[in-house]
Amino acid sequence: MIKQSLIVASLLLSLTACQSSPQTQVEDLAIEGTWHIESANGQPVIDYSPAELIFDAEGNLTGNNSCNNFFGGYVLSGQSLQLQPAGSTMKACVDALMAQEQRVMQVMPSVTQAQMVKGKLVLKDASNNTVMVLSKK
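Along each chain, residue indices are assigned from 1 in the same order as the chain's sequence is written. Given that the model is predicted, a residue must reach a pLDDT of at least 70 before its local features are reported, and side-chain atom pairs must reach 80 or more before they are shown or counted; all residues, however, enter totals for whole chains, interfaces and linings. The side-chain numbers reported here are obtained from all heavy atoms of the structure, hydrogens and water having been left aside.

- By the naming in an unreviewed UniProt entry, the chain is META domain-containing protein, taken from Shewanella schlegeliana.

Structure, rendered in structure tokens:
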């Protein structure tokens, strides 16, 4: 009887040892602050362009899309990132900056993930394509 109890106890202990440990949650990236946009949709930004994204601690997203200022929000969970631009100013700029502004505004809603690569914040879409590269200001 004692022998059977020891066998059952050892089987139970071995089964509990095989249980997987709970998954640890991935820490959010440190993206708060001002980031200069280096490229958008595969094209580098124009030299001395004011294009930037500003992430604050409350989930607000502001910045400059090359010509106009914009505002909105963002949601960050681990490496999952959603940018939610809500509005912008409407001033006219030179054609090159206006075209760059359109690229920036088009790719922002497609962002689904972010990762740090060699000090740069790389934003990717659902197909894992890099849509924006940012450097910390």
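Back to the text.
**Concerning the pattern of salt bridges**
No. 1: Whenever Lys or Arg places a side-chain nitrogen within 4 Å of a carboxyl oxygen from Asp or Glu, that contact is recorded as a salt bridge. Counted under the stated rule, the structure contains two salt bridges.
No. 2: The shortest N-O distance in the salt bridge between K120 and E38 comes to 2.6 Å. Of this pair, K120 sits in strand β8 (residues 120-124) while E38 is found in strand β1 (residues 33-40), placing the two residues 82 residues apart along the sequence.
No. 3: Overall, the relative accessible area of 27% leaves E38 in the partly exposed class. Counting from the N terminus, the helices are the DSSP runs of H or I reaching at least four residues and the strands are the DSSP runs of E reaching at least two. The rule is simple: take the accessible area with a 1.4 Å probe, protein chains only, and divide by the maximum for that residue type; under 20% is buried, over 50% is exposed, in between is partly exposed.

**Details of the environment of D28**
No. 1: Inspection of the secondary structure puts D28 in the loop between α1 (2-18) and β1.
No. 2: A sequence separation of 52 residues divides D28 from S80, and the C-alpha atoms of the two residues are 8.5 Å apart.
No. 3: Residue contacts are defined here by distance: any two heavy atoms, one from each residue, within 4.5 Å place the two residues in contact. What D28 contacts, discounting residues up to four positions off in sequence, is L76, S77 and G78.

**Side note on the packing of aromatic side chains**
No. 1: Stacked, tilted and edge-to-face are the three classes assigned to paired rings of Phe, Tyr and Trp, where Trp is represented by its six-membered ring and a pair needs centres within 6.5 Å; plane angles under 30 degrees give stacked, over 60 edge-to-face, the rest tilted. If you walk through the whole model with that rule in mind, you get one aromatic pair.
No. 2: Between the aromatic rings of F55 and Y74, the centroid separation amounts to 4.9 Å while the plane-to-plane angle is 85°, which identifies the pairing as edge-to-face. Of this pair, F55 sits in strand β3 (residues 52-55) while Y74 sits in strand β5 (residues 69-77), and the two are 19 residues apart along the sequence.

**Quick notes on the state of the cysteines**
No. 1: When two cysteine sulfur atoms are found within 2.5 Å, that pair is recorded as a disulfide. Across all of its chains, the model carries one disulfide by this definition.
No. 2: The disulfide partner of C67 is C93, and the gap between their sulfur atoms is 1.8 Å. Its torsion about the S-S bond being 90°, the disulfide of C67 and C93 is classed as right-handed. Placement of the pair is C67 in the loop between β4 (60-64) and β5 and C93 in the loop between β6 (80-88) and α2 (95-107), with a sequence separation of 26 residues.
No. 3: For C93, a relative accessible area of 25% puts it in the partly exposed group.

**Looking at the nonpolar core**
No. 1: Ranked by size, the top nonpolar core spans 25 residues in total, and within it L53, F55, L83 and L123 carry the most contacts.
No. 2: Leaving out residues up to four positions away in the same chain, L53 has contacts with G33, T34, W35, I37, L61, T62, F70, L83, M108, L123, M132 and L134. In plain words, nonpolar cores are sets of buried Ala, Val, Leu, Ile, Met, Phe, Trp, Tyr and Cys residues tied together by side-chain atoms within 4.5 Å.

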